[in-house]
Amino acid sequence: MAFRKSRAHPQTGEMQKGTVLDVIESSEPMTRLKLEDGTLVRMKISVIEVMRMDEPGADGKPSYDINASLAATFVSPEEQLDD
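Now for a quick tour of the structure. (Residues numbered from 1 in each chain as written. Predicted model: local features only at pLDDT ≥ 70, side-chain atom pairs only at ≥ 80, totals over all residues. Heavy atoms only, no water.)

Brief notes about the pairing of strand S3 (residues 31-34)
Working step 1: Bridge count for S3 against strand S4 (residues 40-53) is 4 bridges, and the pairing is antiparallel. Residue pairing in the sheet places Thr31 in a bridge with Met43 of S4. (Pairing = 2+ DSSP bridges. Helix = DSSP H or I, 4+ residues; strand = E, 2+ residues; numbered from the N terminus.)

Focus on the pattern of salt bridges
Working step 1: Using the criterion set out here, one finds 3 salt bridges in the structure.
Working step 2: For Lys5, the salt bridge identified is with Glu49, shortest N-O distance 2.7 Å. Residue Lys5 is located in strand S1 (residues 3-8), and its partner Glu49 is located in strand S4; the two are separated by 44 residues in the primary sequence.
Working step 3: The salt bridge partner of Asp65 is Arg7, with a shortest N-O separation of 3.4 Å. Highlighted residues: Asp65 in strand S5 (residues 64-75) and Arg7 in strand S1, separated in sequence by 58 residues. (Salt bridge = Lys/Arg side-chain N within 4 Å of Asp/Glu carboxyl O.)

Some details on the environment of Pro29
Working step 1: Counting through the fold element by element, Pro29 comes out in the loop between strand S2 (15-21) and S3.
Working step 2: For the pair Pro29 and Gly18, spaced 11 residues apart in sequence, the C-alpha to C-alpha distance is 28 Å.

With respect to a negative patch on the surface
Working step 1: There is a patch of like negative charges on the surface, built from Glu36, Asp37, Glu78 and Glu79.
Working step 2: For Glu36, the location among the structural elements is in the loop between S3 and S4. (Patch = residues over 30% accessible without salt bridge, like charges linked within 9 Å, V, L, I, M, F, W, Y side chains within 5 Å. Areas by Shrake-Rupley, 256 points an atom, 1.4 Å probe, with all protein chains shown as cover. Lys, Arg positive; Asp, Glu negative; His and termini not counted. Charge placed at Lys NZ, Arg CZ, Asp CG, Glu CD.)

Topic: the pairing of S2
Residues in a regular strand point their side chains to alternate faces of the sheet.
Working step 1: As judged from the 6 bridges shared by S1 and S2, these two strands associate in the antiparallel manner. Opposite Lys5, over in S2, you have Gly18 as the bridge partner.
Working step 2: Here S1 folds back onto S2 in antiparallel fashion, the turn holding 6 residues, of which Gly13 has a positive phi close to 80 degrees.
Working step 3: The pairing of S2 with S4 spans 4 bridges and is antiparallel. Looking across to S4, one finds that Gly18 is bridged to Met53.

Below is the structure:
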C-alpha cells in the first residue's frame, strides 16, 4: 500500500514530499564483471523503497527517489580456481 513520506533533497537539504510506491514486480539479477587485471566482480542491487516525488524533475517528467543497497565481492586472479 502506497504512503506519503518526506526526505531531504540531496543538493539543497530542503524537505520534499512524495509517495512511496509498492514494488509489485522485481528482477534483481547478479551482475558479473571481469576487469582487465583479471579480477572478477560480482554485484547485486537490492531495491528497498521507491518514492515518486511531488515535484517533477527539471525536464518536467516525474522524479523518483530510490533507496537501494549494493552488495559486491571482488575475487583477485590469484584467488580464482583453475577450471
